[in-house]
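Listed below are the residues making up each chain.
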Amino acid sequence: MVCLCQQPLFLLESRALVKLKVPSARDLSVKPTDLTQRPLKSGSIPRDIFRSILTGLDGTPMPSYHLTLEDDELWDLAYYVDSLGVPHK
């Protein structure tokens with residue numbers, strides 16, 4: 001699995017591309033979760049994933065996205081993460 005944080009990211013700021021400093025997954029103190037493996041730490045159904053994205057995860061670098069994404073975007077992301085795992089029984 002390729003982690004997005006291994007790729008250079010750019011932000012368009014005042015009509016100029018600015019390279020963002022994003023750490024490599026191997027440099028993080030808390031290793032990224034393998035989203036294909038279940039169960040997830042805070043629950044594995046879309047409602048649990050939505051809540052984790054909305055509120056963030058205490059004790060980890062994962063922030064809350066409640067002021068960043070709209071509800072429909074949060075649900076889209078939750079369903080996408082859910083689709084990466086083994087189907088529910």
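About the cut-offs
- Along each chain, residue indices are assigned from 1 in the same order as the chain's sequence is written.
- Predicted model: local features are reported for residues with pLDDT of at least 70 only, side-chain atom pairs are reported and counted for 80 or more only, and whole-chain, interface and lining totals are derived from all residues.
- Hydrogens and water molecules were not included; the side-chain quantities draw on all heavy atoms of the structure.
- Within a predicted model, pLDDT stands for the predictor's per-residue confidence, ranging from 0 to 100.
- Strands are runs of DSSP state E lasting at least 2 residues, helices are runs of H or I lasting at least 4, and numbering of each runs from the N terminus.
- Should any heavy atoms of two residues lie within 4.5 Å, those residues are considered in contact.
- The residues that make up patches have over 30% relative accessible area and no salt bridge, and they are joined within 9 Å when like-charged or within 5 Å when they are Val, Leu, Ile, Met, Phe, Trp or Tyr.
- Every accessible area reported is derived by Shrake-Rupley at a probe size of 1.4 Å, with residue values counting cover from the shown protein chains alone.
- Each salt bridge in this description consists of a side-chain nitrogen of Lys or Arg and a carboxyl oxygen of Asp or Glu lying within 4 Å of one another.
- Note on terminology: a nonpolar core comprises buried Ala, Val, Leu, Ile, Met, Phe, Trp, Tyr and Cys residues joined through side-chain atoms within 4.5 Å.
- Each residue's exposure class comes from its accessible area (1.4 Å probe, protein chains only) as a fraction of the maximum for that residue type: buried when under 20%, exposed when over 50%, partly exposed otherwise.
- A helix is expected to span 1.5 Å multiplied by its residue count minus one.
- Directions pointing from the helix axis toward each C-beta atom define the arc.

1. Some words on the confidence of the model for the chain
Okay, step 1: The share of residues in the chain with pLDDT of 70 or more is 70%, and the mean pLDDT across the chain is 78.
Okay, step 2: The least confident element of the chain, judged by mean pLDDT, is strand β1 (residues 9-13) at 51; the most confident is helix α1 (residues 46-55) at 95.
Okay, step 3: Counted against residues more than four places away or in other chains, residues 1-7, with its pLDDT under 50, gives ten contacts.

2. Re the environment of Leu-67
Okay, step 1: Looking at the secondary structure, you find Leu-67 in the loop between α1 and α2 (71-84).
Okay, step 2: For Leu-67 and Thr-55, which are twelve residues apart along the polypeptide, the C-alpha to C-alpha distance reads 9.9 Å.

3. Re a nonpolar patch on the surface
Okay, step 1: Together, Leu-77, Tyr-80 and Leu-84 make up an exposed nonpolar region whose accessible area comes to about 260 Å².
Okay, step 2: Relative to the helices and strands, Tyr-80 is located in helix α2.

4. With respect to the nonpolar core
Okay, step 1: Counting seven residues, the largest nonpolar core is built from Leu-40, Ile-49, Phe-50, Ile-53, Leu-74, Ala-78 and Val-81.
Okay, step 2: Elements that contribute at least two residues to this core include exactly α1 and α2.
Okay, step 3: With residues near it in sequence (within four places) discarded, Phe-50 still touches Asp-71, Leu-74, Trp-75 and Ala-78.

5. Digging into α2
Okay, step 1: Taking 1.5 Å as the rise per residue, α2 with 14 residues should run 20 Å; its terminal C-alpha atoms sit 20 Å apart, in good agreement.
Okay, step 2: Of all the positions in α2, only Leu-74, Ala-78, Val-81 and Asp-82 are classed as buried. The buried residues of α2 occupy an angular sector of 100° when projected down its axis, which confines them to one face. Of the exposed residues in α2, the ones pointing more than 90 degrees away from its buried face are Asp-72, Asp-76 and Ser-83.

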